[in-house]
Structures are given as structure tokens and as C-alpha cells.
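Structure at a glance
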Amino acid sequence: MGLSALRYAVPEHANTFWYTLGGITFMGIIILVVTGIWLAQYYNPDPSGARESVLFIQNTAPLGDVLRGIHIWTAYLVVITALLHLGRIFVTASYKAPREVNWLVGLALLAALVFGGIFTGTVLRWDQEAYEALAHNMELATLLGAFGGFFSEAFTTSVAALPRLYIAHVSMVPLILVFLLIAHIFLIKHHGLSPTPAQEDAGEAPGGRLPEEKETGHYPTHLRLMIGYGLVLFALAGTLGVIFPQPIGPAPNPGIEVTKPSWVFYWLYAFEDWLGLNGILYGAILLFGILALVPFIDRTPLRSLRSRPVMLVIGIVLVVALVVLSLITAFSPVVSHMG
Amino acid sequence: MKLKLIAAGTLTLALLALAPGLALAHGDETGVTVQPLTSKPDGVITVKGELLGPKSSVEVMVTGNGEDVDLGEVKANAEGDFTHEFRLPADLKPGTYQLKATGKKSATTQITVSEALAGGASSEKAGSGAMEQAPVIRQRPLRQSIGLIALFGVLAAAGMFFATMRRQKA
């Protein structure tokens with residue numbers, strides 16, 4: 001069957017939890033696709049019936065509440081595992097040459113998950129929060145100028161914005177994720193898994209790759225870890241879905257702005273509070289811009305975090321900023337931003 | 001050299017991503033927007049038009065779903081811009097409509113008319129900040145919830161067992 005092609009050697013540390021976080025995120029994306037296909041059988045993207053169909057999924061469709069819960073909680077958990085994966089790469093400086101491009105591909109994957117997947121998914125619920133999210137999308141499309149054309153309502157008058165976002169959620173975003181995942185996995189295979197900082201700093205990995213004789217791990221073991229932890233992720237999402245059923249808000253009232261976005265966007269909401277709608281754009285560009293520059297700022301030859309004090313400070317500042325901004329939003333009242 | 005290649009690659013990708021938008025930007029400079037994006041029959045909408053012809057009389061129409069409704073006429077300013085509120089007909093069927101503003105130049109956008117939005121509320125209520133209650137979410141019976149959690153617990157245990165089995169070496 002050609003499965004023997006998967007029986008190749010990898011570094012021993014590849015088969016540890018921290019180096020499997022990328023694989024766990026990948027398994028989460030598979031769970032999202034499978035549960036998403038099921039949910040799509042019941043969802044009606046027409047604005048006049050969208051919210052009713054979400055209520056149908058939640059209250060009537062067989063196992064609808066459970067699978068909707070798994071879908072939404074998996075999306076949140078995938079963001080967490082992707083961030084932990086990013087954190088591991090940052091701490092071990094695995095973004096250094098020759099892996100700079102793969103760091104950028106990884107960031108694009110994170111952006112596609114958060115701004116593509118979770119944002120469009122929020123709008124599909126078509127309740128008050130969804131409507132306000134869509135209104136923000138339209139305003140941001142105007143701010144983006146030429147690039148915003150595709151995302152704006154004025155792009156076409158033949159189809160409403162909600163069905164277009166639905167198409168983005170079920171076809172465009174997954175397609176982008178697939179292309180980026182192919183590039184990500186190809187580059188990992190091409191460059192090999194990065195050595196540990198200790199191995200690299202000890203000169204055991206010339207050119208940023210361990211020699212074959214030191215790759216004593218086994219890739220099928222890595223796959224086993226991915227599947228095993230993927231099952232744990234699925235079970236965790238299911239448990240959370242049962243204990244905390246996903247709410248559906250009131251029907252949208254266009255005249256008011258009374259909701260906060262999903263917690264994933266809390267840090268951006270704080271920027272919006274301070275700078276108005278433009279703050280969302282500035283905040284996203286600031287965070288992803290700093291992260292994109294990381295491999296090009298960090299030119300130290302060593303990879304141990306203690307040998308990279310500047311990167312340590314940047315990392316701590318980013319984490320603290322994200323947590324503090326999110327907490328500020330969590331405990332602040334809702335403010336109207338739309339004109 | 002490698003840095004230059006990376007920079008060139010990133011720039012190329014960025015330009016490719018921008019291309020569709022840039023292409024669109026060279027299209028019509030006129031524009032019309034409507035707020036809210038979704039309204040209901042008898043709801044008040046705000047229509048903004050841009051560059052439809054200086055001082056022109058702009059006719060605003062809603063078409064679609066077999067209906068062709070003239071909302072009214074408004075005078076554009078010296079730049080050809082206008083902002084005006086219109087009331088949708090009370091008997092407008094739910095669905096997606098094209099909203100067309102025609103002055104010396106014309107522009108179109110879309111608006112969705114939804115019965116679900118109304119919920120028996122008047123348009124004044126919709127604009128006043130009133131909001132209907134969140135719907136009732138069905139709660140599974142406690143036994144079913146416990147059963148599901150137990151099932152997920154077994155799956156998690158199986159996953160942990162599978163992941164932490166003795167690791168093979170190459």
C-alpha cells in the first residue's frame with residue numbers, strides 16, 4: 001500500500017508532546033472538517049433562515065448539539081494548540097535558518113484559522129453577535145481599500161454577504177488551509193525536524209539538521225502520538241460541548257451594538273476600544289508583523305533562550321500584552337464602535 | 001542572498017494576494033451602500049451614494065424576487081454624493097434584493113429583507129436599541145449528558161493510552 005514510505009527516521013525528540021503540537025493541531029483541523037461536513041447538511045446560508053437552521057441543529061437535528069459543540073470547541077482548542085506550537089518554535093528558535101519561510105507559512109496558517117475559520121464561523125450563527133461581526137467586516141473592507149473589495153458587500157449585488165461568507169467558511173478557507181498545510185509539511189520534510197537548542201548549540205546539527213545517524217526516532221511513533229492526542233482533543237471538545245452548550249443569541253437588531261466578539265478576538269477588541277474600527281487592522285498588523293519579523297530580527301547564532309535575551313523580552317511582552325488586552329476586554333463593558 | 005530571495009518571494013505573494021482587489025479598484029468609482037445590511041418590511045434604511053453625478057437627481061430602486069420598487073428620488077450634492085433614509089414597503093417579501101441608485105451614473109448594492117428580523121417588532125423598535133430574548137437552547141437530560149461525558153472520558157483514556165505506549169526506535 002506504500003505505507004512503508006512513512007517508516008522513516010526522525011529525531012528522538014520528535015516523539016515528545018511539545019514536538020507533536022503541530023500534529024495535534026492538524027488532527028484538530030481534520031475533526032473540524034468532518035464535523036463541519038455534517039453540520040453543513042443542516043445549515044441554511046440564506047439570511048432569512050440561517051439562524052433558524054442553527055437553532056434546528058442545536059435543538060432538533062440528531063446529535064446536532066453534540067457535534068456543533070465539538071466543532072466550535074475544537075476550533076477554540078485548535079487555536080490554543082497552534083499558539084502552543086508557535087510558542088514551542090519561538091522558545092527553541094526553530095524559525096532560524098533554513099526554516100524562516102516555514103515560520104511565515106505557519107503564521108499564515110494561524111491567520112487563516114483565526115481570521116478565516118473562526119471569524120466566518122461566528123457570522124454563520126446569524127444572531128446579534130454574528131450580525132455585528134459582519135458589520136465590522138464590511139466596515140473593515142472599506143478601510144482595506146483595494147484589497148477590501150473582495151470582502152465587501154459591494155463586491156457583488158447578486159448574492160447576499162452571508163452566503164458568500166458561508167462559501168468562504170466551507171470552501172475557500174479550507175482550500176487555503178490545505179495549500180498552506182501542504183507547504184508547511186513539505187518544508188518540514190525538506191528541512192527535517194529542527195534539532196533541539198542543546199544539540200544545535202553543541203554543534204551536533206550542521207546546517208540546522210541532525211545527521212542521519214542521530215535521527216533515532218521513528219515517524220510511525222509520531223503518527224501514533226498525533227492520533228492518540230487527537231483523540232484526546234476530540235474527547236475534550238466533546239466534553240466541553242456537553243457541559244457548556246454553545247449559545248445562540250437573539251435575532252440581529254441592526255440598530256444596536258451590544259455584543260463582544262468571540263474570546264479569540266478579545267485582544268483586538270481592546271485596540272478597537274482605543275482607536276476605533278481602524279484599531280482592529282492596526283492590532284492585527286502589529287502582532288502578525290512583529291511575529292513575521294522574528295526570524296529576521298533574531299540573528300544570534302545560538303538557539304538556547306537564555307542566549308537570546310532580546311527574543312525572550314519580545315516573547316514575554318507579546319504574551320503579557322495578549323493576556324492583559326484580553327482580560328481588559330473581558331471585564332470592560334460593551335462599547336459601540338460602528339458609525 | 002537567501003534573505004533577498006525570501007523578501008522577493010514574500011513580496012510576490014503579497015502582490016498576488018492584492019491583485020484581485022487592485023483589479024477591482026480600477027472599475028467603477030461610483031458607489032452605493034446601505035445600512036443596515038439586513039432589514040425587514042417597513043424598516044427604515046440609510047442609503048449613501050457616491051459620485052453619481054454632480055447635482056443629479058438620483059432615483060433609488062429595489063429590485064428582485066419579482067418585485068421592482070421605487071423607493072424615491074434624492075438630490076445629489078456637488079460631488080454627486082448623497083445620504084438619505086428610505087422606508088421599505090411593508091409588503092416586501094423576504095429575500096435578497098438589488099438596491100440601485102441611478103443619477104447621471106448608477107451604482108448597485110444589495111439588501112436582505114428578513115421576516116426573522118421582525119419578530120413582530122416595529123421598525124422604530126428595531127432602531128431604538130430594543131432586542132428580543134435569546135432563544136431557548138435544549139438541555140439534554142442529565143443521564144444523557146453523563147453518558148456522553150463518560151463516553152468522551154473513555155475516548156480520552158484510549159487516546160492517552162495510545163499516545164503513551166512504549167515508543168519504538170528506528
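Structure first, text after, so check above.
Everything quoted here is computed from the prediction, not taken from an experiment.

On to the packing of helix α3 (residues 64–91) of chain A against helix α8 (residues 219–243) of chain A, then. Residue and element names in this part refer to chain A. Between α3 and α8, the least distance of the axes is 8 Å, while the angle of their chain directions is 120°. Between α3 and α8, the interaxial angle falls into the category oblique. Between α3 and α8 the crossing geometry is right-handed. Every residue of α8 that contacts α3 at V66, G69, I70, W73, T74 and L77 is listed here: L233, F234, L236, A237, G238, L240, G241 and V242. Grouping the constituent residues of the contact of α3 with α8 by class yields 10 nonpolar, four polar and no charged.

A few words now on the sheet that holds strand β6 (residues 82–87) of chain B. Residues and elements named next belong to chain B. Read from one edge to the other, the open sheet built from three strands follows the order β1-β3-β6, with strand pairing classed as antiparallel. In this open sheet, the two edge strands, each paired with only one partner strand, are β1 (31–35) and β6. The average angle at which neighbouring strand axes cross in this sheet is 20°, direction not considered. As paired elements, β1 and strand β3 (residues 44–50) share five bridges and run antiparallel to each other. Its bridge partner lying in β3, V34 is registered against V47.

Here the focus is the pairing of strand β8 (residues 106–113) of chain B. Residue and element names in this part refer to chain B. Taken across its eight residues, β8 has six buried, putting it largely inside the fold. Bridge analysis of strand β2 (residues 38–39) against β8 gives two bridges, and the strand direction is parallel. When the sheet's bridge partners are listed, S39 is paired in β8 with V113. Looking at chain direction, strand β7 (residues 95–102) and β8 are connected through eight bridges and run antiparallel. By the bridge assignment, G95 is partnered in β8 with V113. Connecting β7 to the antiparallel partner β8 that follows it, the hairpin turn spans three residues.

Attention now moves to the sheet that holds strand β5 (residues 67–75) of chain B. In a beta sheet, neighbouring strands are held together by backbone hydrogen bonds and run either parallel or antiparallel to one another. All names here are of chain B. As summarised here, the arrangement of the five strands in space is β2-β8-β7-β4-β5, forming an open sheet in which the pairing is mixed. Each having just a single partner strand, β2 and β5 make up the two edges of the open sheet. The sheet contact formed by strand β4 (residues 57–64) and β7 spans five bridges and is antiparallel. Within β7, the position partnered with V60 by the bridge is A101.

What counts and how
Residues numbered from 1 in each chain as written. Chains lettered and ligands numbered in written order. Predicted model: local features only at pLDDT ≥ 70, side-chain atom pairs only at ≥ 80, totals over all residues. Axes fitted to C-alpha atoms, helices over the stretch in contact; angles between N-to-C directions. Helix = DSSP H or I, 4+ residues; strand = E, 2+ residues; numbered from the N terminus. Parallel < 35°, antiparallel > 145°, perpendicular 65-115°, else oblique. Left-handed = near helix turned anticlockwise from the far one by under 90°. Contact = placed C-beta atoms within 7 Å. Nonpolar A, V, L, I, M, F, W, Y, C, P; charged D, E, K, R; others polar. Pairing = 2+ DSSP bridges. Buried ≥ 20, exposed ≤ 12 C-beta atoms within 10 Å, placed from the backbone.

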